[in-house]
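This is what each chain is made of:
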Amino acid sequence: MPRQPRRRSYDQHCAAARALDLVGDRWTLLVVRELLAGPRRYTDLHADLPGVSTDMLAGRLKDMEGAELVTRRRLPPPASAYVYELTPRGRELLPVLRTLAAWGAPELGEPRPTDAVRAHWYAVPLLGVLAELGAGVVQVTLDEGEFHVRIGADGSVSHGDGGVDAPDARLRTDSSTCRALAAGELTLDEAVASGRATLERATAVAARA
(Lines give C-alpha, C1' and ligand atoms only; values in the text may rest on other atoms or scores of the structure.)
Protein backbone atom coordinates (compact mmCIF):
# COMPACT_ATOMS: atom_id res chain seq x y z
CA MET A 1 0.00 0.00 0.00
CA PRO A 2 1.51 3.37 -0.95
CA ARG A 3 2.27 5.74 1.89
CA GLN A 4 0.03 8.72 2.41
CA PRO A 5 1.66 11.96 1.26
CA ARG A 6 2.86 14.15 4.10
CA ARG A 7 1.74 17.73 4.56
CA ARG A 8 5.31 19.02 4.27
CA SER A 9 8.30 17.99 2.22
CA TYR A 10 11.68 19.40 1.32
CA ASP A 11 10.94 18.34 -2.28
CA GLN A 12 14.55 17.35 -2.82
CA HIS A 13 15.64 14.12 -4.53
CA CYS A 14 18.12 13.41 -1.75
CA ALA A 15 18.16 10.48 0.71
CA ALA A 16 18.85 12.74 3.69
CA ALA A 17 16.02 15.08 2.70
CA ARG A 18 13.62 12.14 2.26
CA ALA A 19 14.58 10.85 5.71
CA LEU A 20 13.96 14.27 7.22
CA ASP A 21 10.59 14.39 5.46
CA LEU A 22 9.67 11.40 7.64
CA VAL A 23 11.41 12.06 10.96
CA GLY A 24 12.59 15.67 10.87
CA ASP A 25 9.55 17.22 12.54
CA ARG A 26 9.78 18.36 16.15
CA TRP A 27 9.09 15.53 18.64
CA THR A 28 9.14 12.72 16.06
CA LEU A 29 12.52 11.25 17.01
CA LEU A 30 11.69 11.63 20.70
CA VAL A 31 8.55 9.58 20.13
CA VAL A 32 10.80 6.98 18.50
CA ARG A 33 13.10 7.14 21.55
CA GLU A 34 10.17 6.30 23.81
CA LEU A 35 8.84 3.49 21.63
CA LEU A 36 12.24 1.84 21.23
CA ALA A 37 11.72 0.65 24.82
CA GLY A 38 8.50 -1.13 23.82
CA PRO A 39 4.80 -0.46 23.20
CA ARG A 40 3.36 2.52 25.07
CA ARG A 41 -0.09 3.85 25.76
CA TYR A 42 -0.83 7.39 24.63
CA THR A 43 -1.03 8.60 28.23
CA ASP A 44 2.37 7.07 29.04
CA LEU A 45 3.91 8.66 25.96
CA HIS A 46 2.51 12.03 26.90
CA ALA A 47 3.81 11.70 30.48
CA ASP A 48 7.35 10.95 29.28
CA LEU A 49 7.40 13.72 26.68
CA PRO A 50 7.07 16.75 28.95
CA GLY A 51 6.38 19.89 26.96
CA VAL A 52 4.47 18.30 24.10
CA SER A 53 0.81 19.28 23.75
CA THR A 54 -1.84 16.61 23.33
CA ASP A 55 -2.69 17.93 19.86
CA MET A 56 0.95 17.90 18.80
CA LEU A 57 1.52 14.36 20.04
CA ALA A 58 -1.66 13.09 18.38
CA GLY A 59 -0.58 14.74 15.13
CA ARG A 60 2.90 13.29 15.25
CA LEU A 61 1.58 9.79 15.93
CA LYS A 62 -0.85 10.11 13.03
CA ASP A 63 1.98 11.23 10.73
CA MET A 64 4.18 8.36 11.93
CA GLU A 65 1.38 5.85 11.31
CA GLY A 66 0.99 7.25 7.80
CA ALA A 67 4.74 6.87 7.24
CA GLU A 68 4.53 3.25 8.49
CA LEU A 69 6.91 3.94 11.35
CA VAL A 70 4.32 3.26 14.06
CA THR A 71 1.29 1.03 14.45
CA ARG A 72 -1.58 1.20 16.93
CA ARG A 73 -3.16 -1.93 18.35
CA ARG A 74 -5.52 -2.89 21.13
CA LEU A 75 -4.27 -5.00 24.01
CA PRO A 76 -6.34 -8.08 24.86
CA PRO A 77 -8.57 -8.13 27.96
CA PRO A 78 -8.39 -7.38 30.80
CA ALA A 79 -6.24 -4.41 29.66
CA SER A 80 -8.33 -3.48 26.59
CA ALA A 81 -6.16 -0.40 26.07
CA TYR A 82 -4.60 0.84 22.85
CA VAL A 83 -0.82 1.01 22.55
CA TYR A 84 1.54 2.43 19.96
CA GLU A 85 4.59 0.49 18.86
CA LEU A 86 7.30 0.81 16.25
CA THR A 87 7.14 -1.11 13.01
CA PRO A 88 10.28 -2.92 11.80
CA ARG A 89 10.96 0.20 9.71
CA GLY A 90 10.64 2.35 12.81
CA ARG A 91 12.96 0.11 14.84
CA GLU A 92 15.61 0.62 12.18
CA LEU A 93 16.01 4.11 13.65
CA LEU A 94 17.83 2.76 16.71
CA PRO A 95 21.30 3.22 15.12
CA VAL A 96 20.25 6.74 14.12
CA LEU A 97 19.29 7.57 17.72
CA ARG A 98 22.49 5.99 19.02
CA THR A 99 24.62 8.08 16.68
CA LEU A 100 22.64 11.23 17.45
CA ALA A 101 22.93 10.59 21.20
CA ALA A 102 26.69 10.03 20.93
CA TRP A 103 27.03 13.28 19.00
CA GLY A 104 24.92 15.18 21.52
CA ALA A 105 26.35 13.69 24.72
CA PRO A 106 29.14 16.29 25.07
CA GLU A 107 26.43 18.98 25.10
CA LEU A 108 24.60 17.59 28.12
CA GLY A 109 26.51 19.08 31.02
CA GLU A 110 24.65 19.06 34.33
CA PRO A 111 20.83 19.21 34.19
CA ARG A 112 19.46 22.73 34.00
CA PRO A 113 16.79 23.79 36.52
CA THR A 114 14.18 23.55 33.77
CA ASP A 115 15.31 20.14 32.47
CA ALA A 116 13.04 17.14 32.92
CA VAL A 117 14.91 13.90 33.61
CA ARG A 118 13.82 10.29 33.11
CA ALA A 119 16.07 7.34 33.91
CA HIS A 120 15.35 5.52 30.65
CA TRP A 121 16.54 8.51 28.61
CA TYR A 122 20.08 7.37 29.44
CA ALA A 123 19.51 3.91 27.96
CA VAL A 124 20.26 4.68 24.30
CA PRO A 125 23.50 6.63 25.04
CA LEU A 126 24.72 3.77 27.26
CA LEU A 127 23.93 0.82 25.00
CA GLY A 128 27.48 0.57 23.71
CA VAL A 129 29.01 0.89 27.17
CA LEU A 130 26.75 -1.77 28.66
CA ALA A 131 27.23 -4.14 25.71
CA GLU A 132 30.84 -4.49 26.86
CA LEU A 133 29.54 -6.55 29.81
CA GLY A 134 28.65 -9.40 27.46
CA ALA A 135 25.44 -11.29 26.81
CA GLY A 136 22.71 -10.99 29.40
CA VAL A 137 20.34 -8.52 31.01
CA VAL A 138 21.68 -5.49 32.88
CA GLN A 139 19.40 -3.56 35.22
CA VAL A 140 20.43 0.06 35.72
CA THR A 141 19.22 1.97 38.77
CA LEU A 142 19.42 5.75 39.14
CA ASP A 143 17.80 8.08 41.63
CA GLU A 144 15.31 8.94 38.87
CA GLY A 145 14.26 5.32 38.23
CA GLU A 146 15.34 2.13 36.50
CA PHE A 147 15.77 0.70 33.03
CA HIS A 148 17.20 -2.53 31.68
CA VAL A 149 19.32 -3.48 28.68
CA ARG A 150 19.30 -6.85 26.93
CA ILE A 151 22.55 -7.83 25.25
CA GLY A 152 22.47 -10.71 22.80
CA ALA A 153 25.25 -13.22 22.24
CA ASP A 154 25.71 -11.60 18.82
CA GLY A 155 26.19 -8.17 20.41
CA SER A 156 22.69 -6.94 19.58
CA VAL A 157 21.15 -4.61 22.15
CA SER A 158 17.67 -3.54 23.16
CA HIS A 159 16.27 -1.82 26.21
CA GLY A 160 13.14 -1.33 28.25
CA ASP A 161 11.84 0.92 30.98
CA GLY A 162 11.77 -0.35 34.57
CA GLY A 163 13.44 -3.29 36.25
CA VAL A 164 13.29 -7.02 35.51
CA ASP A 165 13.28 -10.19 37.58
CA ALA A 166 16.67 -11.82 38.14
CA PRO A 167 18.91 -9.69 35.87
CA ASP A 168 22.39 -10.96 35.10
CA ALA A 169 23.92 -7.75 36.44
CA ARG A 170 22.79 -4.72 38.42
CA LEU A 171 24.42 -1.35 37.88
CA ARG A 172 23.78 1.45 40.35
CA THR A 173 24.99 4.94 39.48
CA ASP A 174 23.78 8.51 38.99
CA SER A 175 22.84 10.76 36.10
CA SER A 176 26.14 12.66 36.25
CA THR A 177 28.09 9.43 35.79
CA CYS A 178 25.75 8.36 32.99
CA ARG A 179 26.52 11.62 31.23
CA ALA A 180 30.27 11.07 31.60
CA LEU A 181 30.00 7.49 30.35
CA ALA A 182 27.90 8.54 27.37
CA ALA A 183 30.35 11.33 26.46
CA GLY A 184 33.34 8.98 26.66
CA GLU A 185 34.86 10.96 29.53
CA LEU A 186 34.77 7.89 31.78
CA THR A 187 34.84 4.13 31.25
CA LEU A 188 32.67 1.73 33.20
CA ASP A 189 35.79 0.23 34.79
CA GLU A 190 36.83 3.70 35.96
CA ALA A 191 33.35 4.48 37.27
CA VAL A 192 33.32 1.30 39.36
CA ALA A 193 36.91 1.72 40.58
CA SER A 194 36.24 5.31 41.67
CA GLY A 195 33.04 4.42 43.49
CA ARG A 196 30.83 6.41 41.14
CA ALA A 197 29.08 3.18 40.17
CA THR A 198 28.58 -0.25 41.69
CA LEU A 199 28.23 -3.34 39.53
CA GLU A 200 26.80 -6.53 40.98
CA ARG A 201 26.79 -9.69 38.92
CA ALA A 202 24.30 -12.51 39.52
CA THR A 203 26.99 -14.41 41.41
CA ALA A 204 28.94 -11.72 43.23
CA VAL A 205 29.77 -8.06 43.35
CA ALA A 206 32.26 -7.39 40.57
CA ALA A 207 35.06 -4.86 40.76
CA ARG A 208 35.82 -4.84 37.06
CA ALA A 209 39.16 -3.03 37.32
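First things first, this report covers the structure right here in the doc. Not measured: the values here are computed from a predicted model.

With that out of the way, let us pick up the overall build of the protein. Of regular secondary structure, the protein possesses 9 helices and 7 strands. Whereas a compact globule of 209 residues would reach a radius of gyration of roughly 17 Å, the protein reaches 18 Å, a difference of no more than 12%. Dimensions of the protein along its principal axes, counting C-alpha atoms only, are 55 × 45 × 40 Å. Across the 209 residues that make up the protein, the buried fraction comes to 39%. Of the roughly 11,800 Å² of accessible surface on the protein, 53% is carried by carbon and sulfur atoms. Within the protein, the 28 negative side-chain charges are centred at a point lying 6 Å from the centre of the 26 positive side-chain charges.

Mapped onto the secondary structure, Gln139 falls in strand 3 (residues 136-142). Gln139 sits in the buried class, given a relative accessible area of 5%. Of the polar contacts made by the side chain of Gln139, one reaches the backbone nitrogen of Val164; its length is 2.9 Å. Filtering out sequence-adjacent residues up to four positions away, Gln139 remains in contact with Glu146, Phe147, His148, Gly163, Val164, Pro167, Ala169, Arg170 and Leu171.

We now examine the pairing of strand 5 (residues 157-161). Pairing geometry for strand 4 (residues 145-151) and strand 5, over 5 bridges, is antiparallel. Looking across to strand 5, one finds that Phe147 is bridged to Asp161. Linking strand 4 to strand 5, which pair antiparallel, is a turn of 5 residues; within it Gly155 sits at a positive phi near 90 degrees.

Below, the discussion takes up the packing of aromatic side chains. Applying the stated criterion across every chain yields a total of 0 aromatic pairs. Positioned above the aromatic ring of Tyr82 is the side chain of Arg72, whose terminal nitrogen or guanidinium carbon lies 3.8 Å from the ring centre.

In this section: the pattern of salt bridges. Applying the stated rule across the entire model yields 11 salt bridges. A salt bridge links Arg40 to Glu34, with the nearest nitrogen and oxygen atoms 3.0 Å apart. Linking Arg60 and Asp63 is a salt bridge whose minimum nitrogen-to-oxygen distance equals 3.8 Å. Taken as a pair, Arg60 and Asp63 lie in helix 4 (residues 54-66) at a separation of 3 residues, close to a single helical turn. Across the pair, exposure class does not vary: Arg60 and Asp63 are buried alike. A network of salt bridges, in which partner residues are shared, links Arg33, Glu34, Arg40, Asp48 and Arg118.

Moving on, we come to the packing of helix 6 (residues 94-104) against helix 7 (residues 123-131). Direction vectors running N to C along helix 6 and helix 7 enclose 90 degrees, while the axes themselves pass 8 Å from each other. Relative to helix 7, helix 6 is oriented roughly perpendicular. The residues of helix 7 that touch helix 6, namely those facing Leu94, Leu97, Arg98 and Ala101, are Val124, Pro125, Leu127 and Gly128. When its residues are assigned to classes, the contact of helix 6 with helix 7 shows 6 nonpolar, 1 polar and 1 charged.

Attention now goes to the environment of Thr87. Mapping Thr87 onto the fold places it in the loop between strand 2 (82-86) and helix 5 (88-91). Spatially, the C-alpha atom of Thr87 lies 6.4 Å from that of Thr71, the residues being 16 residues apart in sequence. Those residues within four positions of Thr87 in sequence are excluded, and the remaining contacts are Glu68, Leu69, Val70 and Thr71.

The 5 strands lie next to each other as 5-4-3-6-7, forming an open sheet whose pairing is mixed. A single partner strand is all that each edge strand has here, and the edge strands are strand 5 and strand 7 (198-201). Each adjacent strand pair in this sheet contributes to an overall mean axis angle of 20 degrees, direction not counted.

Quick notes on the rules
- Residues numbered from 1 in each chain as written.
- Predicted model: local features only at pLDDT ≥ 70, side-chain atom pairs only at ≥ 80, totals over all residues.
- Heavy atoms only, no water.
- Helix = DSSP H or I, 4+ residues; strand = E, 2+ residues; numbered from the N terminus.
- Rg over C-alpha atoms; globule rule 2.2 N^0.38 Å.
- Buried < 20%, exposed > 50% of the residue type's maximum accessible area, 1.4 Å probe, protein only.
- Areas by Shrake-Rupley, 256 points an atom, 1.4 Å probe, with all protein chains shown as cover.
- Lys, Arg positive; Asp, Glu negative; His and termini not counted.
- Charge placed at Lys NZ, Arg CZ, Asp CG, Glu CD.
- Polar contact = N/O pair within 3.5 Å; in protein donor to acceptor, adjacent residues only side chain to side chain.
- Contact = heavy atoms within 4.5 Å.
- Pairing = 2+ DSSP bridges.
- Phe/Tyr/Trp six-rings, centres within 6.5 Å; stacked < 30°, edge-to-face > 60°.
- Lys NZ or Arg CZ within 6 Å of the ring centre and 35° of its normal.
- Salt bridge = Lys/Arg side-chain N within 4 Å of Asp/Glu carboxyl O.
- Axes fitted to C-alpha atoms, helices over the stretch in contact; angles between N-to-C directions.
- Parallel < 35°, antiparallel > 145°, perpendicular 65-115°, else oblique.
- Nonpolar A, V, L, I, M, F, W, Y, C, P; charged D, E, K, R; others polar.

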